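What the coordinates show
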Amino acid sequence: MELSLKRGTGGFLLYLLVGFSVAVFSVSYVGDTNPNPDHHHLSSSSSSPLSVTDKVWPDLKFSWRLVVATLIGFLGSACGTVGGVGGGGIFVPMLTLILGFDTKSAAAISKCMIMGASASSVWYNVRVRHPTKEVPILDYDLALLFQPMLLLGITVGVSLSVVFPYWLITVLIIILFVGTSSRSFFKGIEMWKEETLLKNELEKQHHGSSVNSRGELLIDTQYEPLYPREEKSELEIIRSNLNWKRLLLLGTVWSAFLLIQVIKNEITVCSTIYWVLFILQFPVALGVYGFEAVRLYRENQKRLRSGNTESICEATIEWTPLSLIFCALCGLVGGVVGGLLGSGGGFVLGPLLLEIGVIPQVASATATFVMMFSSSLSVVEFYLLNRFPIPYAMYLMSVSILAGFWGQFFIRKLVAILRRASIIVFVLSGVICASALTMGVIGIENSIKMIHNHEFMGFLGFCSSQ
């Protein structure tokens, strides 16, 4: 399948382009209409969801707030990891509104929860087999393609969160989440219809193909998605799912970004060394991405010349320069959203993997695998900056670890029983929709307060806002 922009994909990209452009260009109008520009510097502390400087750390003690937060955290982590989106859009409002954390600390704790849920989800997934092939359930090719751009996007997003006005971040998040949620929902409906047709056909024939019309789903009586089969032991499955060379490369990229972030935090913002380190992230990310992109392109061309139509990785697209650039931009956008929101970037990566033809089970496993790296990078950085209380972070991370594992277990068993992998897509769509509602309501409420207080509503200076 070519990545030529189909009607649905092309329309979705046009929607994002127009929506983002209108939102960004409207800043010049909104900022100029501010009756009191002297509030520019004063309002910098409220113009970004991550810019609050006063720490508000409630005590960890039993209360109804803690019980409600635990339930929301468990359900959010379970559904977020199954959908491959993390759940940061649910965690941040929960931590601020229910538990009373300041937004900066809430974003840091949200990263801890995403890291815990992602890690337990990855541990679950490496213990199960690919549902259709004798290959790892984690697509290392796609992970190497997206991880460096995602990490780069997160660092850019954190910087933009200082410059962008709060209302603009809210609008951009709503535009993106509504678009990706709708796109994923319609994708789920399409898959549900295909599964229904094939199930009806198999019931008539009592046997049949185990793959749908696009080679995406197993639904016959042997179909047990992401559930270990008896012919291999658990240890053998774990070994087959681990690619140590690729893991080493992914770990090296993670370490390089972590080192740069740690050094940046120890030097003066906007100094020459600071900007040198900031710019250094680009060749690191582009170098690893370029290595993997060239490898995929050459392998794709080699297979085409030999007449081999089998996909190189789980994505059922043809790796052309256009498709590789498209994936790079989407990974970058996903990271920027993660930096602005305090999430792991899965709100873009999860739907994107489905868009390029990855089956839901592998899309979920690969997205959470990549999020484990991006969220853990932020957690280490936040720990060094003392951005979150250890007891609360450990408690909520423990809840997320349990939720990530059992959420995967329950949904995968449900998929195996119903023979419908589209359930994963609907869960993904639901989590993104819930995040759009919670972040949207809170963002609109805070933006209205800023308007009443006549605060500055335009772009802020990066250096002056630090």
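Reading the values: rules and limits
For every chain, the first residue of its written sequence is number 1, and the numbers climb from 1 along that sequence. The model is predicted, so local features are restricted to residues of pLDDT at least 70 and side-chain atom pairs to those at 80 or more, both for listing and for counting; the totals for chains, interfaces and linings are taken over all residues. As a rule here, side-chain values come from all non-hydrogen atoms in the structure, and water together with hydrogens is ignored. Strands here mean DSSP runs of E at least two residues long; helices mean DSSP runs of H or I at least four residues long; both are numbered from the N terminus. A simple rule labels every residue: compare its accessible area, found with a 1.4 Å probe on the protein chains alone, to the largest value its type can have, and call it buried under 20%, exposed over 50%, or partly exposed in between. What makes two residues a contact is simply this: any of their non-hydrogen atoms within 4.5 Å. Reported accessibility uses the Shrake-Rupley method at a 1.4 Å probe radius. Residues are deemed covered only where the shown protein chains occlude them. Axes here refer to lines fitted to C-alpha atoms; in helices the fit is confined to the stretch in contact. Angles between the N-to-C directions go from 0 to 180 degrees. Any angle from 65 to 115 degrees is called roughly perpendicular, while one under 35 is roughly parallel, one over 145 is roughly antiparallel, and all others are oblique. Handedness of a crossing follows from how the near helix is turned relative to the far one, being left-handed for an anticlockwise turn of less than a right angle and right-handed for a clockwise one. Note on terminology: disulfide denotes any pair of cysteine sulfur atoms within 2.5 Å. Among buried residues, those of type Ala, Val, Leu, Ile, Met, Phe, Trp, Tyr and Cys that are joined through side-chain atoms within 4.5 Å constitute a nonpolar core. In this classification, Asp, Glu, Lys and Arg are treated as charged, Ala, Val, Leu, Ile, Met, Phe, Trp, Tyr, Cys and Pro as nonpolar, and every other residue, Gly included, as polar. Throughout this description, the term salt bridge denotes a Lys or Arg side-chain nitrogen within 4 Å of a carboxyl oxygen of Asp or Glu.

A closer look at the overall build of the chain
For the chain, the helix and strand inventory stands at 15 helices and zero strands. Counting the 466 residues in the chain, one finds 54% classified as buried. Across the chain, every contact between residues at least 6 apart in sequence was considered, and the portion connecting residues at least 24 apart equals 83%. For the chain, the exposed surface amounts to about 20,400 Å²; the carbon and sulfur share of it is 68%.

A look at the packing of helix H4 (residues 88-99) against helix H5 (residues 103-125)
Running from N to C, H4 and H5 point in directions that differ by 135°, and their axes come no closer than 9 Å. Relative to H5, H4 is oriented oblique. Like other packed secondary-structure pairs, H4 and H5 cross with a definite hand, here right-handed. Along the contact surface, H4 presents Gly 88, Phe 91, Val 92, Met 94, Leu 95 and Thr 96, while H5 presents Thr 103, Ala 106, Ala 107, Ile 109, Ser 110, Met 113 and Ile 114.

Observations concerning the state of the cysteines
Under the counting rule described, the total for this entry stands at zero disulfides. We note that Cys 330 lacks a disulfide partner, and the nearest cysteine sulfur, in Cys 327, lies 6.5 Å from it.

Points about the environment of Phe 291
For Phe 291, the position within the fold is in helix H10 (residues 272-306). A C-alpha to C-alpha distance of 8.7 Å links Phe 291 and Leu 145, two positions 146 residues apart in sequence.

Notes on the nonpolar core
In this structure, Leu 145, Phe 146, Phe 177, Trp 319, Leu 353, Ile 356 and Phe 369 are the most contacted members of the largest nonpolar core, which totals 89 residues. When residues of this core are assigned to their parent elements, the largest contribution, 13 residues, is made by helix H6 (residues 140-163). Membership of the second largest hydrophobic core comes to 23 residues, among which are Met 94, Cys 112, Met 113 and Ile 114.

Quick look at the packing of helix H12 (residues 346-355) against helix H15 (residues 422-452)
Packed helices, taken two at a time, are described by the angle between their axes plus the distance between the axes. Put simply, H12 and H15 touch, their axes get as near as 11 Å, and they point 150° apart. Considering their axes alone, H12 and H15 lie roughly antiparallel with respect to each other. At the point where H12 passes H15, the crossing takes the left-handed sense. Residues Phe 347, Gly 350, Pro 351 and Leu 354 of H12 touch H15, and the partners they reach there are Val 425, Leu 428, Ile 432 and Ser 435. In terms of residue class, the contact of H12 with H15 is made up of six nonpolar, two polar and no charged.

Description of unusual backbone geometry
If you check the backbone angles, Cys 270 has positive phi at about 75° while not being a glycine. With respect to the secondary-structure elements, Cys 270 resides in the loop between helix H9 (244-265) and H10.

Observations regarding the pattern of salt bridges
Counted according to the given criterion, the structure contains six salt bridges. Note that Asp 141 and Arg 295 form a salt bridge whose closest N and O atoms lie 2.4 Å from each other. Linking Asp 141 in helix H6 with Arg 295 in helix H10, this pair joins segments that are 154 residues apart in sequence. You can call Asp 141 buried: its relative accessible area is 13%. By relative accessible area, Arg 295 is classed as partly exposed at 28%. Residues Glu 195 and Arg 420 are paired through a salt bridge, measuring 3.7 Å at the closest nitrogen-oxygen approach. Of the two residues, Glu 195 is situated in helix H7 (residues 166-205) and Arg 420 in the loop between helix H14 (390-418) and H15; the sequence distance between them amounts to 225 residues. Look at Arg 420 and you get buried, because its relative accessible area is 10%.

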